[in-house]
Number of protein chains: 2
Amino acid sequence: MAERTVYLLQYGLGKVGRALVGLVLAHGQRLDIRYVALADSSGLVWAPEGLSDEALRGLLAAKERGEGLARQPLGRDYGQVSSIHEAAELKGPAVLIDCTASTQMTLLWIEGRRRGIHVVLANKLPLVGSLADYQALTGPAAGALRYEVTVGAGLPVIRTLEGMLATGDEIHAIEGCFSGTLGYLFSRMEEGLTFSAAVREAWQRGYTEPDPREDLSGADVARKALILARRMGCKLELTQVAVEPLFPAEMADLSLEEFMDSIAELDEVYRKRLAEAQAEGRTLRYVAQASDTDCRVGLVTVARQGRFGSLHGPENIVVFHTARYDETPLTIAGPGAGPEVTAAGVLGDILSIVRKG
Amino acid sequence: MAERTVYLLQYGLGKVGRALVGLVLAHGQRLDIRYVALADSSGLVWAPEGLSDEALRGLLAAKERGEGLARQPLGRDYGQVSSIHEAAELKGPAVLIDCTASTQMTLLWIEGRRRGIHVVLANKLPLVGSLADYQALTGPAAGALRYEVTVGAGLPVIRTLEGMLATGDEIHAIEGCFSGTLGYLFSRMEEGLTFSAAVREAWQRGYTEPDPREDLSGADVARKALILARRMGCKLELTQVAVEPLFPAEMADLSLEEFMDSIAELDEVYRKRLAEAQAEGRTLRYVAQASDTDCRVGLVTVARQGRFGSLHGPENIVVFHTARYDETPLTIAGPGAGPEVTAAGVLGDILSIVRKG
């Protein structure tokens, strides 16, 4: 089937953004995909004819050296080019890609979609702002919107949900374990480690954010749960999601060093909760629950041999309970993070918009 | 986003075919989908302006009464109308849907795709004919081809595989349990039933085909495995798939009654195999394995607490081992049969072809 060249404008060159550039370098020619813009916080590189492979490799190398894109060949400040205006003039479908961790570009995505440019988000933040912003971003528009990798990375979570909704299924609830880090933690505690030892180990191995409280707060899981709930029609704000953090509020103000020094104070609480669960053949998992009216994340006791209890370490899982998948739910499991699977999911989103056949 | 009316031409009105008509009756208006043809072995009903809801309900009722479509209002013999020719003249995308269990229409699907008509198969048989026929059916053409429900019914198996291939992942192997009936059987044997008692129970409850040897032969699992393997590039014919049937060849010629009377002869074989597996903390599952060079189905011992061993009764599972999903595979599980989830999967295929945005 004849396809036209697809033009990419990518914002953000962190791990996922760099992996995506690598993937396009490897497969872009076969897929007839071409970068016309790469952007970071300093500015953007703009090449309406498409950046050559050599140019892309040079830009990746510059980022590895810590240099901003504005200073590279073809680099500009944000004031010097209206990427949306020019992208709308390209002779093929254009896709804006958000690999940032910022909300500053949300208006750009809205304006892009209005002008028929497609938008693919690897960034959760634009989807968990105010409900009004969410509706402005996700409402009907000339350009498509995809955000598969915001929940479960490359796992086919959003497209499965979209398919159920499009074909008229009634979603009762979606439940899941969406934090590989917290999954790892509770797997290690099952193996006998204390809470603090498990946190310290995950932190030292680089499985947590630099400040492990970012994982332990449950905030990232709450964002994923809200993305699912909102897609089902739930009208909640992020602040209304019920979140159980894994440390008390007074530890939020400590320095990282103080926090790591005092975390052993929590060992007894979690030892007891795990022991109580295990006494009933159960165990602990950090679970997200989303429906069209409710959204909550926290530590729950689950059957040891069940879908959640039998998860391996950092593996993620998502379980769809629907009118059609009633007696036996539909379950998807696998790694829910990682630059490579995430970048592949973004590329899958791009292809799902621009290809047929 | 503006969409054009989608025109459906459906062949086959068995359980899945009737469920699909029901689904279009419920949601077709919202989706702007309209039947222009319904066909069974007697002939077809043809209405280029679209069949009204009333007409569709009348045709479903006629089928329930056991009447052929050729005798209904607007009914014709196959000689009287060239549906492909006329479908190509419609003012919007047309989709041929195969809900039959026949291979007689395969040339129609090939010709349809050549003329820009899309094809959605719920029928496995056109995909497991000779390799030459497979290549003619699945090769590049103006019309799209989808066949999600041929493996795992509504579970997103084929689209997940397609996404991996499109984004350049390397599939090492796909493994799975694709027979709800055989899953049920071995779950019941774990609960203490003999092989023959489990078969008889499944048969009496209508979980098996009318002749349970159709399930026990492994042939249907082999077809699903071959569909996956061929999509990965495997050049095997169906006769080259290694299949372990669950009864000896000499029992294939017995009458159904004789077979059901003599099946207890097999109890000791399977009791012993299960006991040997259980002595090692393992159990038995009927597993399909597919790669780009190999395709085999049969009874294997699996870890009791593993992905396959912990399956519940008729639940299906598919596990993707790939370069990206290496350490932890991507797993999809849920019911792999049933008219409702299958029909929803067919509708999902239709929408995936004709919709964007």
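Conventions adopted
Residues numbered from 1 in each chain as written. Chains lettered and ligands numbered in written order. Predicted model: local features only at pLDDT ≥ 70, side-chain atom pairs only at ≥ 80, totals over all residues. Helix = DSSP H or I, 4+ residues; strand = E, 2+ residues; numbered from the N terminus. Rg over C-alpha atoms; globule rule 2.2 N^0.38 Å. Buried ≥ 20, exposed ≤ 12 C-beta atoms within 10 Å, placed from the backbone. Contact = placed C-beta atoms within 7 Å. Nonpolar A, V, L, I, M, F, W, Y, C, P; charged D, E, K, R; others polar. Pairing = 2+ DSSP bridges. Least-squares fit on C-alpha atoms with pLDDT ≥ 70 in both. Domains from an automatic or database assignment. Axes fitted to C-alpha atoms, helices over the stretch in contact; angles between N-to-C directions. Parallel < 35°, antiparallel > 145°, perpendicular 65-115°, else oblique. Left-handed = near helix turned anticlockwise from the far one by under 90°.

### Digging into the overall build of chain A
Item 1. Looking only at helices and strands, chain A features 13 helices and 13 strands.
Item 2. For 357 residues, the compact-globule formula gives about 21 Å, and the C-alpha radius of gyration of chain A, at 22 Å, lands near that figure.
Item 3. Projected onto the principal axes, the alpha-carbon positions of chain A cover approximately 65 × 50 × 35 Å.
Item 4. Residues classed as buried in chain A amount to 49% of the 357 residues present.
Item 5. Counting contacts in chain A only where the partners sit at least 6 residues apart, residues at least 24 apart contribute 72% of the total.

### Section: the interface of chain B and chain A
Item 1. Counting residues at the interface gives 38 residues for chain B, matched by 38 residues for chain A.
Item 2. Of all elements in the fold, only α1 (15–31), α6 (158–166), β13 (330–335) and α13 (339–354) of chain B reach the threshold of two or more residues within the side of chain B that touches chain A.
Item 3. Residues belonging to the side of chain B that touches chain A are distributed by class as follows: 20 nonpolar, 13 polar and five charged.
Item 4. One ladder, built from three bridges, connects strand β13 (residues 330–335) of chain A with β13(B); its direction is antiparallel. Across the sheet, the residue bridging to A333(A) is T331(B), located in β13(B).

### Structural notes on the sheet that holds strand β9 (residues 242–243) of chain B
Within a sheet, each strand pairs with its neighbour through backbone hydrogen bonds, oriented either parallel or antiparallel.
Item 1. The mixed open sheet is built from twelve strands, whose spatial order is β9(A)-β11(A)-β10(A)-β8(A)-β12(A)-β13(A)-β13(B)-β12(B)-β8(B)-β10(B)-β11(B)-β9(B). The sheet is open, and its two edges are formed by β9 (242–243) of chain A together with β9 of chain B, each paired on a single side.
Item 2. In this structure, β9(B) lies alongside strand β11 (residues 295–303) of chain B, joined through two bridges in parallel fashion. Across the sheet, the residue bridging to V243(B) is V297(B), located in β11(B).

### Here we look at the relation of the copies chain B and chain A
Item 1. Rotating chain B by 180° about the axis while translating it 0.0 Å along that axis superimposes it on chain A, leaving an RMSD of 0.0 Å. Taken together, the rotation angle and the small translation identify this as a two-fold axis. Relative to the rotation axis, the C-alpha of I332(B) is the closest in chain B, positioned 2.2 Å from it.

### Details of unusual backbone geometry
Residue and element names in this part refer to chain A.
Item 1. A positive phi is found at L74, a non-glycine position, where the angle reads about 70°.
Item 2. Of note, L74 is situated in the loop between α2 (53–64) and β4 (75–76).
Item 3. Given 14 C-beta atoms within 10 Å, L74 falls into the partly exposed group.

### Overview of the environment of L216(A)
Item 1. Considering the arrangement of structural elements, one finds L216(A) in helix α9 (residues 213–216).
Item 2. In the structure, L216(A) is positioned 53 residues away from V269(A) in sequence and 15 Å away in space, judged by C-alpha atoms.

### What about the pairing of strand β2 (residues 33–40) of chain A?
Residues and elements named next belong to chain A.
Item 1. With eight of eight residues buried, β2 is to be regarded as a mostly interior element.
Item 2. The pairing of strand β1 (residues 6–11) with β2 spans six bridges and is parallel. Within β2, the residue paired with Y7 across the bridge is R34.
Item 3. What sits between β2 and strand β3 (residues 43–46) in their antiparallel hairpin is a turn of two residues.

### Remarks on the domain arrangement of chain A
All names here are of chain A.
Item 1. As far as domains go, chain A holds domain 1 (6–154 + 339–354) and domain 2 (171–335).
Item 2. Distance from the C-alpha centre of domain 1 to the C-alpha centre of domain 2: 30 Å.
Item 3. In this assembly, eleven residues from domain 1 lie in contact with 13 residues from domain 2.
Item 4. Partitioning the side of domain 1 that touches domain 2 into residue classes produces seven nonpolar, three polar and one charged.

### Re the sheet that holds strand β1 (residues 6–11) of chain B
All names here are of chain B.
Item 1. What the seven strands build is an open sheet, ordered β4-β3-β2-β1-β5-β6-β7; its pairing is mixed. If you trace the sheet from one side to the other, it starts and ends with β4 (75–76) and β7 (145–146), each paired once.
Item 2. Its contacts with the sheet put helix α4 (residues 106–114) on β5 (94–98), β6 (118–121) and β7, and the angle it makes with β5 is roughly 165°.
Item 3. α13 contacts β1, β5, β6 and β7 of the sheet and is inclined by roughly 160° relative to β6.

### A closer look at the packing of helix α1 (residues 15–31) of chain A against α2(A)
When two helices pack together, their arrangement is captured by the angle between the axes and the distance separating the axes.
Residues and elements named next belong to chain A.
Item 1. Viewed as axis vectors pointing N to C, α1 and α2 meet at an angle of 160°, and their least axial separation amounts to 11 Å. It follows that α1 is roughly antiparallel to α2 by the angle criterion. Helix-helix and strand crossings are classified by hand; for α1 and α2 the assignment is left-handed. Counted together, R18, V21 and L25 of α1 and D53, L56, L60 and K63 of α2 form the full contact between these two elements.
Item 2. Its residues assigned to classes, the contact of α1 with α2 shows four nonpolar, no polar and three charged.

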